[in-house]
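Here are the chains, one letter per residue:
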Number of protein chains: 6
Amino acid sequence: MFDLVGFGEVMLRLAPPHYQRLEQTTSLDASIGGAELNVAVAASRLGLKTAYVTRLPRNALGWMTQNGARQQGVDTSHIVWSDEDRLGIYFVEFGALPRPSSVLYDRVNSAISKIQPGMVDWAGLFAQTKAFHVTGITPALSSSAAETTREALAQARKANLTVSFDLNYRARLWKPEQAMKTLTPLMEYIDILCTTEEDTATVFQIKGKDYKEVAQKLAERFNFKVVAITLRENITVWRNNWTAIAYHQGKFYQDRTYELEIVDRVGAGDSFVGGFMYSYLHDDKDIQRALQYGVAFSALKHTCPTDFNWSTLEEVEKLIAGSGSLRISR
Amino acid sequence: MFDLVGFGEVMLRLAPPHYQRLEQTTSLDASIGGAELNVAVAASRLGLKTAYVTRLPRNALGWMTQNGARQQGVDTSHIVWSDEDRLGIYFVEFGALPRPSSVLYDRVNSAISKIQPGMVDWAGLFAQTKAFHVTGITPALSSSAAETTREALAQARKANLTVSFDLNYRARLWKPEQAMKTLTPLMEYIDILCTTEEDTATVFQIKGKDYKEVAQKLAERFNFKVVAITLRENITVWRNNWTAIAYHQGKFYQDRTYELEIVDRVGAGDSFVGGFMYSYLHDDKDIQRALQYGVAFSALKHTCPTDFNWSTLEEVEKLIAGSGSLRISR
Amino acid sequence: MFDLVGFGEVMLRLAPPHYQRLEQTTSLDASIGGAELNVAVAASRLGLKTAYVTRLPRNALGWMTQNGARQQGVDTSHIVWSDEDRLGIYFVEFGALPRPSSVLYDRVNSAISKIQPGMVDWAGLFAQTKAFHVTGITPALSSSAAETTREALAQARKANLTVSFDLNYRARLWKPEQAMKTLTPLMEYIDILCTTEEDTATVFQIKGKDYKEVAQKLAERFNFKVVAITLRENITVWRNNWTAIAYHQGKFYQDRTYELEIVDRVGAGDSFVGGFMYSYLHDDKDIQRALQYGVAFSALKHTCPTDFNWSTLEEVEKLIAGSGSLRISR
Amino acid sequence: MFDLVGFGEVMLRLAPPHYQRLEQTTSLDASIGGAELNVAVAASRLGLKTAYVTRLPRNALGWMTQNGARQQGVDTSHIVWSDEDRLGIYFVEFGALPRPSSVLYDRVNSAISKIQPGMVDWAGLFAQTKAFHVTGITPALSSSAAETTREALAQARKANLTVSFDLNYRARLWKPEQAMKTLTPLMEYIDILCTTEEDTATVFQIKGKDYKEVAQKLAERFNFKVVAITLRENITVWRNNWTAIAYHQGKFYQDRTYELEIVDRVGAGDSFVGGFMYSYLHDDKDIQRALQYGVAFSALKHTCPTDFNWSTLEEVEKLIAGSGSLRISR
Amino acid sequence: MFDLVGFGEVMLRLAPPHYQRLEQTTSLDASIGGAELNVAVAASRLGLKTAYVTRLPRNALGWMTQNGARQQGVDTSHIVWSDEDRLGIYFVEFGALPRPSSVLYDRVNSAISKIQPGMVDWAGLFAQTKAFHVTGITPALSSSAAETTREALAQARKANLTVSFDLNYRARLWKPEQAMKTLTPLMEYIDILCTTEEDTATVFQIKGKDYKEVAQKLAERFNFKVVAITLRENITVWRNNWTAIAYHQGKFYQDRTYELEIVDRVGAGDSFVGGFMYSYLHDDKDIQRALQYGVAFSALKHTCPTDFNWSTLEEVEKLIAGSGSLRISR
Amino acid sequence: MFDLVGFGEVMLRLAPPHYQRLEQTTSLDASIGGAELNVAVAASRLGLKTAYVTRLPRNALGWMTQNGARQQGVDTSHIVWSDEDRLGIYFVEFGALPRPSSVLYDRVNSAISKIQPGMVDWAGLFAQTKAFHVTGITPALSSSAAETTREALAQARKANLTVSFDLNYRARLWKPEQAMKTLTPLMEYIDILCTTEEDTATVFQIKGKDYKEVAQKLAERFNFKVVAITLRENITVWRNNWTAIAYHQGKFYQDRTYELEIVDRVGAGDSFVGGFMYSYLHDDKDIQRALQYGVAFSALKHTCPTDFNWSTLEEVEKLIAGSGSLRISR
């Protein structure tokens, strides 16, 4: 019985230490990450029972990936194993004002990009699952991955799951027109959309005078139950402000804005989804509360190295309660 | 002949590098630290002749501790060695806004917690000592440690030493009521109290409309010669403002406020005491000057990794003189 | 449904890098380990479904421990959590001829040492379990841990599990007489004993003209189904020879001797048990084959850093088949 | 055929990691650096063909230096090799408010300090070179180095090269009077002076009501074609504002001010020269454009560890175009 | 004017530190390597003027590769740059008896695999080149890479270069039959073949009663001027014996056997070629001397981390002269 | 009151990690070392009260040196501080068969090389000292250092100290003839000579049919009370055999030979002296026993990183007693 199942790509993440440029480094910090796994891990840390579906090469890098998911309590028994393909890799360079952080992808021909409809027993898996999460990255990997995403979404609908989706437009993978064309027919399966104003504008050409209008337009065009938009203000590379809004049945929800000192912002949006879904599934769909959990948990993500959010439910609830001080906790 | 002797616990300090969470780390930076040793080291760096009394296990961790004190010129010949017990350990996690840094203690059953009256030759040691420093942590370790603290304080008084005390309330070790009950009778031996508004309120229930009133109330209730209160403003986790005030014979002393970029704030209060006592003993009890040395030296502590303050007297005096610029010094 | 369940202590393992002495290090490599968990991990890596039972503090170190087990596919849902106690720690120093490697334990008052009968639902867990593994370390931790071990063994017998036991005498925890007195009554529950000549002589005072006689005496005195003895020849600290023998129903089984270059020998005996049990449970109790898997898998353990054996079934079988060369495998 | 040739000292640069104080460190990050090499590297990265002249010991440290220059595409075929002398070393300590970063030099008796006129075939080298860069450091190393600098400058003039000069006053090497006396007669060979207000005031006693007046006075006194002055505002140690101005034929040029988060500011001024000269030589002496390239490129330098600027022409031009956002570039 | 030009693939090499398994690591040591570049670097270190031809992606990993070649004095001006493709990657795991070291390749779709005839101006390059080196890896990368290899070889023959070839059979890239079929027609362009008995047997099905017979058969079948065979005895993973033989015009040449303690054996065969070719080109084709340089230089390679041989000509000649002792050289 | 005082140079020791060549490294392990300090540290670890005399620059590197001595309990109150000079540096490269480890010195113009007679109050220091140790390195540093050595030796004789001397010939510092000429007149002050056959032959041209004859000739020519010769057999770089002999009043003493796996052999001879002197001074000049302590302690040194011997008296005595096994000590 799973509360939430994610589906998508996981990559080996390699990052030069100490703000070194990739070109100069002689050492790379290795971990794993991927938008949907990050969500599954995030939800798992807060207490949900989660599983992850992907396709991995049967080698040390594939095993490292499985280990990393299991370490966080994410079930990996539905992973599809390949004897031939590779694991995608991405390189992260941490920047500093005026240079933004950047990511170099080396993900072509990954095992997951060669996934095909029929490889995963969605019906069996979804028979005992409450929610399913996928992002706009997976359909961008290949046409067979797009077809498999559609297969999964159709099965999720059939099994009556709550389906969340993060737009996550990736310019290196496809053009906006392709994204719109591929993603639009998938939107009918989605209950909860999490995204940013930039991605919405790029993919769906939806813009508005403010984020509220954007959320409303999105909800109306695609008939989403919930639209959540994360809002980031880049003061500098190491200092950001962060919050999110949600729109549900004609009503807007807001939360406080967190000031952030950034250790690692990769995966922050995924943590928002994980926090939101945790609370949404756990607290009987209280949107305001879900928003608070999503924002607070993703605010904490920025202080954790790697894609994963190593924060705890206790830390989230203390932050929401506002009972935390900045004295050393001892 | 020692200018200042400290007494208390020293622990192995283990910290994950690079803002990693303890849960995720595969490597820990190892050093040693403890409130009173930090003071002895601080005073030694500025030029005082200091010694440290504690109880250590006779193993590699005990030797590491002794080495660390000796390295800084702190005499260790009065350390009591145990063949059975353990060295306490504490883990430091460095935070970032909105997550404060935190400390996880693993100090139960340390060798020092089993110290007993009679184990240390206080009379012999104090016969040639000018000042003695202890904190509110030592009496909290165990009842025998509390008794030994009282023994030491009584001997210090007898030998006519200047006695400094840092309240240092530790919520993981005892409750406020226990602290008040145990510490109150010790206050009669104290000449100089260094503390914070928070600790004063927690332990002695002394509050006031401002820190001045708090200092005055403290001095009056316990008849301290000097009360010094450090004042920290937590702008963010990495940026603080820092200063202190002193109260002496009805008069308040203030110093400039330093803006800080924080590398490691653990032990900052101890550096204040070390800087204050250095100047107090060295400059014939000039309170204003002692306050300046305490504040400047502890401001510099925030820029040094580990519990110790690796700054120099020259750096302190340059900072006080305001002659430093932020250009690279070369 | 579990093939094998382990029960015992897990500790934080801290090791100075690069042959540094503990006393001199400024960095410690952190991982987790414990005899029975090492067995569960070993068996899991080869393909068994395993679970681990222990008692952990509800803090970052406890979570790190749970993560480490889960990472290897070991189920942790039966772990007992404590809000008060600590995780045991051990420090490993790697030696070189003529200095042996050494371990410094700091395990007193660990959460597992305070486990009590009734805290674990053995009956429920064992209802769907094939084999149970425990060692002579757990009963040495405390009297309540000894009682809980007896409770577990009695339940395992009742549920008709195959029970394996590793003598693992730890001189820092108890005296030989205590060990004999405590362990002897537990032997009736044991099917498979894995041990060394040294431990057998120390605990049970059983010696013989050779290891065969020792194995036979052991089997006869305690009525074990299988006795396996690992045999190590310490050529130097970095070079060893390694094999094992087994005794079963009056018959001796031997395997080839492996020459080893040692990266990390901690946990080698545990890997032997894991490899033996994997094959024993998987290959219908073929003793010769189980011995081969145990010896080959534990030979490979010596080449893996940390307590765990990161080798794969494919590597084990290639080694047994003798098809491996020492050319770089590419 | 070289666009730009640099001449001066290169040192081994050793820096304690993670804001450690030099006194406490057990590890030093090793790289190479030197003002004029930094300029040659900077220009090379942007696309110029550059060479570097220095004198190095024929040992591993000398080879490391040569490798470091070659790695960046800087020609090293004119380096003079010594069988006897040493490579200079400098130690960098990274500070944090209120402690500035600092440099400890150990450069006495370096191979370059013993260079003598006649050791380098300037005429041959300059026959196919467009520009020559040297700084006020080289003449300060020794009298023979000062003579060799003069020799080089005279040859550069003869060969009709564009000559750039960075004042770079180093208080550890000489007194202001010596600097003025030695450098003044060299100024006649200089076309482009890059400097700071502080160095100008110290060495030439030229001050003004603002930097414009300073630039103008400099240009007029020494008849420079271009005077460029970098302007740094030290908000804190980790946050600076940065820009520069240029003066050319009676006209002032300004550029935008960059806010900086500082990773490593050593070599920023050299990057300014490298960026300025790249554009100046490449874009037909367009001062405004050269200023923009100098400022943007040196702004990016602050985000790169080591003395070198690992940024790319593409990054510079994106920054100048203002098309960059602070979102993660992916 | 180049003494030797190499052509082939360069990869990012990633290796877990300290004998960690790839699956467990959180850090990877990064460097670059590739059989033919290793030869060019080796020859360059001994004093030849070398260049390298490959195809690289225009990103940080491509630049890192170029830097690594230039650092060693290898000319990179003939590299072909791609805006689309990736750099191949390989992962090295260091083993210990009984586990051999191993390599995991992730090289599919690299930029070099997409090289095409016509992309490189071989005629221009070879007009001023003495020798050309390529291996059996390049033709295995893709059919266009095989065609480009043939193109290069034909041009080299036309320009009358000395051509060396290392068989380097890679089982992950192709089958023996494909290798034989592809490589056989290329052999007519080769003057000097460097290989091992294993590769010869696999690719050309040439076996003999000893390596002498193998060398002779090879020379006779393909009409090579020189055949050199490296001979490795794997005592253990960390201890090997190493030598080589050469066959030239009916005569056998042998050298002493070196006992080796192995730090990193990757690239040893390439160092043999580099050492052999250095001496062959430098010492007027004295086969005995070339063999000595090849064997001694490659023996030293085993003591150097990364693919490259960081030894010096002085070290090689001291080793050949037998004047070295094992005392610390100081 | 000191048991033993050492006098000489201390240097910053920088070593590339993991068998890297100095030329390739980006990180250096930093520690301190010097022959006579190593002896003082060795003796201190075993229980003697020791002090060290040297001359250091008043900067972070000088303080690091003082800290390192104090850390080991060595008194530093007689160190002479300089405001101008530098600390010598040496670089260690660890080799592997067939490449020996090597040291690159950068020690010219160190503060100690500029020491002058009259700078140290030898009479005051020696008034309460039992033994004095110096080596053949100090007189080689400069003529003023040689004079100061003579001054110290004359005062030691006057104060009736036991004087030990290690020949330690350093070919980079002087020629054999200079060494002989300078050292010969100093020999009259020496009681105990520790050396090797190689150094004796080089400096004093004393050779013999075996080490016994060498020892006897030395003792007779210079009238030493004790001559000790360490004997090393270099099996490989990582494996050595090690022992020593002593000659005293016509009698030879021998000890067992230790097989060694080498972690770091720098300072092994110094550890021999430290162990020998500890026992000699402690055990009433029992030569056989002193030899055993010297050999066992220095055997253990080979297993400790850095110049210092981090072993303990307990480890030495266990090794001498032969009660150690190579099992993990736990």
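Residues numbered from 1 in each chain as written. Chains lettered and ligands numbered in written order. Predicted model: local features only at pLDDT ≥ 70, side-chain atom pairs only at ≥ 80, totals over all residues.

Peer 1: Tell me what's going on with the overall build of chain A, and back it up with residues and numbers.
Peer 2: Broken down by element type, chain A carries eleven helices and 15 strands. What you see for chain A is a C-alpha radius of gyration of 19 Å, in line with the 20 Å of a compact globule of 330 residues. With respect to the three principal axes, the spread of C-alpha positions in chain A is 50 × 50 × 40 Å. By the burial criterion, 62% of the 330 residues in chain A qualify as buried. Taking the intrachain contacts of chain A between residues at least 6 apart in sequence as the baseline, contacts between residues at least 24 apart amount to 69%. (Helix = DSSP H or I, 4+ residues; strand = E, 2+ residues; numbered from the N terminus. Rg over C-alpha atoms; globule rule 2.2 N^0.38 Å. Buried ≥ 20, exposed ≤ 12 C-beta atoms within 10 Å, placed from the backbone. Contact = placed C-beta atoms within 7 Å.)

Peer 1: Kindly report on the relation of the copies chain D and chain E, identifying the contributing residues and their values.
Peer 2: Of the transformation placing chain D onto chain E, the axial shift is 0.0 Å and the rotation is 180 degrees, giving an RMSD of 0.0 Å. Here the copies are linked by what is in effect a two-fold axis. Relative to the rotation axis, the C-alpha of Q71 of chain D is the closest in chain D, positioned 2.0 Å from it. By residue overlap, the copies meet face to face through one surface: 100% of the interface positions of chain D are interface positions in chain E. (Least-squares fit on C-alpha atoms with pLDDT ≥ 70 in both.)

Peer 1: A description of the interface of chain D and chain E should follow, citing residues and the corresponding values.
Peer 2: Accessible area lost during the coming together of the parts is what is often quoted as the interface size. Chain D puts four residues into the contact, and the matching count from chain E is four residues. Here the residues of the side of chain D that touches chain E are counted per class, giving no nonpolar, three polar and one charged. (Nonpolar A, V, L, I, M, F, W, Y, C, P; charged D, E, K, R; others polar.)

Peer 1: Go over helix α2 (residues 60-71) of chain A, please, and point to the residues and values.
Peer 2: Residue and element names in this part refer to chain A. Taking 1.5 Å per residue as the helical rise, α2 with its twelve residues ought to reach 16 Å, and the 16 Å between its terminal C-alpha atoms agrees with that figure. Counting buried positions along α2 yields twelve of twelve residues, so the element is predominantly enclosed. Positioned one or two residues after α2, G73 has a phi angle of 85 degrees, which is positive. (Expected span 1.5 Å × (residues − 1).)

Peer 1: Lay out the interface of chain F and chain E in plain terms, naming residues and giving numbers.
Peer 2: Counting from both sides, the interface comprises 23 residues of chain F and, opposite them, 20 residues of chain E. Here the side of chain F that touches chain E is composed, by residue class, of ten nonpolar, eight polar and five charged.

Peer 1: Tell me what's going on with helix α9 (residues 268-282) of chain F, and back it up with residues and numbers.
Peer 2: For α9 of chain F, built from 15 residues, the straight-helix expectation of 21 Å at 1.5 Å per residue is met to within 8% by its first-to-last C-alpha distance of 21 Å. A large share of α9 of chain F lies buried, amounting to 13 of its 15 residues.

Peer 1: Can you break down the packing of helix α1 (residues 35-46) of chain A against helix α9 (residues 268-282) of chain A residue by residue, with the values?
Peer 2: Residue and element names in this part refer to chain A. Two numbers describe how α1 lies on α9: the axes approach to 8 Å, and their chain directions differ by 40 degrees. Considering their axes alone, α1 and α9 lie oblique with respect to each other. Crossing handedness for the pair α1 and α9: right-handed. Seen from α1, the contacting residues are A35, N38, V39, A42, A43 and L46; seen from α9, they are D270, S271, V273, G274, G275, M277 and Y278. For the contact of α1 with α9, a count of residues per class yields eight nonpolar, four polar and one charged. (Axes fitted to C-alpha atoms, helices over the stretch in contact; angles between N-to-C directions. Parallel < 35°, antiparallel > 145°, perpendicular 65-115°, else oblique. Left-handed = near helix turned anticlockwise from the far one by under 90°.)

Peer 1: Tell me what's going on with the sheet that holds strand β8 (residues 102-106) of chain A, and back it up with residues and numbers.
Peer 2: Adjacent strands of a sheet form backbone hydrogen bonds with each other and so pair up, either parallel or antiparallel. Within the open sheet, the eight strands sit side by side as β8(A)-β7(A)-β2(A)-β3(A)-β3(E)-β2(E)-β7(E)-β8(E). Their pairing is mixed. Looking at the sheet topology across the chains shown, the edges are occupied by β8 of chain A together with β8 (102-106) of chain E. Taken pair by pair, the neighbouring strands of this sheet meet at an average axis angle of 30 degrees, ignoring direction. Strand direction decides the pairing type here: strand β3 (residues 27-33) of chain A and strand β3 (residues 27-33) of chain E, joined by three bridges, are antiparallel. What sits directly across from D29 of chain A, in β3 of chain E, is S27 of chain E. (Pairing = 2+ DSSP bridges.)

Peer 1: I'd like a description of the sheet that holds strand β3 (residues 27-33) of chain C, backed by residues and values.
Peer 2: Spatial strand order, β8(B)-β7(B)-β2(B)-β3(B)-β3(C)-β2(C)-β7(C)-β8(C): eight strands in an open sheet with mixed pairing. Bordering the open sheet on either side are β8 (102-106) of chain B together with β8 (102-106) of chain C, each of which pairs with just one other strand. For this sheet, the mean inter-axis angle between neighbouring strands, taken without regard to orientation, is 30 degrees. Examined bridge by bridge, strand β2 (residues 11-15) of chain B and strand β7 (residues 89-93) of chain B share three bridges and lie parallel to one another. Within β7 of chain B, the residue paired with L14 of chain B across the bridge is F91 of chain B.

Peer 1: Outline the relation of the copies chain F and chain E, listing residues and values.
Peer 2: It takes a turn of 120 degrees to lay chain F on chain E, together with a shift of 0.0 Å along the axis; the resulting RMSD is 0.0 Å. When the rotation and shift are considered jointly, the pair of chain copies conforms to a three-fold rotation axis. Across chain F, the smallest distance between a C-alpha and the rotation axis is recorded for H18 of chain F, namely 4.8 Å.

Peer 1: Got a sec to walk through the environment of A268 of chain A? Specific residues and values, please.
Peer 2: Residue and element names in this part refer to chain A. When you line up the elements, A268 lands in helix α9. For the pair A268 and F297, spaced 29 residues apart in sequence, the C-alpha to C-alpha distance is 8.7 Å. Setting aside chain neighbours within four positions, we find A268 in contact with S298, K301 and H302.

Peer 1: Any details on the pairing of strand β4 (residues 50-53) of chain C? Residues and values, ideally.
Peer 2: Both faces of the sheet carry side chains from a regular strand, because those side chains alternate between them. Residue and element names in this part refer to chain C. Going residue by residue along β4, you find T50 and Y52 tucked away on one face and A51 and V53 tucked away on the opposite face as well. Examined bridge by bridge, strand β1 (residues 2-7) and β4 share four bridges and lie parallel to one another. Within β4, the residue paired with G6 across the bridge is Y52.

Peer 1: Please give an account of the environment of L218 of chain C that cites residues and values.
Peer 2: Residues and elements named next belong to chain C. Among the structural elements, L218 can be located in helix α8 (residues 211-222). Between the C-alpha atom of L218 and that of I206, which follows or precedes it by twelve residues, the distance is 7.3 Å. Residues contacting L218, with those up to four places away along its chain left out, are L193, T200, I206, F224 and V227.

Peer 1: Now, about the packing of helix α10 (residues 287-301) of chain C against helix α11 (residues 313-321) of chain C: what can you tell me, with residues and values included?
Peer 2: Residue and element names in this part refer to chain C. Put simply, α10 and α11 touch, their axes get as near as 9 Å, and they point 110 degrees apart. One way to sum up the angle between α10 and α11 is to call them roughly perpendicular. Of the two elements, α10 crosses α11, and the hand of that crossing is right-handed. Residues Q292, Y293, A296, F297 and L300 of α10 pack against E315, V316, L319 and I320 of α11. The residue inventory of the contact of α10 with α11, partitioned by class, reads seven nonpolar, one polar and one charged.

Peer 1: Please provide a residue-by-residue account of the confidence of the model for chain A, values included.
Peer 2: When the pLDDT values of chain A are averaged, the result is 97; 99% of them are 70 or greater. For this predicted complex, the interface score ipTM comes out at 0.96, alongside a pTM of 0.98. (pLDDT = per-residue confidence, 0-100.)

Peer 1: Can you lay out unusual backbone geometry for me, pointing to particular residues and giving the numbers?
Peer 2: Leaving glycine out, the prevailing phi sign among residues is negative, and the prevailing peptide bond configuration is trans. At the junction of L97 of chain C and P98 of chain C, the peptide bond is cis and its omega measures out at 5 degrees in the coordinates. Examined against the element boundaries, P98 of chain C turns out to sit in the loop between β7 (89-93) and β8. Although it is not a glycine, N160 of chain B sits at a positive phi angle of roughly 65 degrees. The residue N160 of chain B is located in the loop between α5 (143-158) and β10 (162-166) in this model. A positive phi angle, near 75 degrees, is found at T306 of chain F, a position not held by glycine. Along the polypeptide, T306 of chain F turns up in the loop between α10 (287-301) and α11 (313-321).

Peer 1: A description of the pairing of β1 of chain C should follow, citing residues and the corresponding values.
Peer 2: Residues and elements named next belong to chain C. Counted residue by residue, β1 has six buried out of six residues, so it is predominantly covered. For β1 and strand β9 (residues 129-135), the ladder comprises four bridges, and the chain directions are parallel. The residue of β9 that forms the bridge with G6 is H133.

Peer 1: Go over the environment of L104 of chain D, please, and point to the residues and values.
Peer 2: Mapping L104 of chain D onto the fold places it in strand β8 (residues 102-106). By the C-beta count within 10 Å, which is 19 here, L104 of chain D ends up partly exposed. Distance in space between the C-alpha atoms of L104 of chain D and Y90 of chain D is 5.6 Å, their sequence separation being 14 residues. Excluding its chain neighbours within four sequence positions, the residues that come into contact with L104 of chain D are L22, Y90 and F91 of chain D together with N59 and A60 of chain F.

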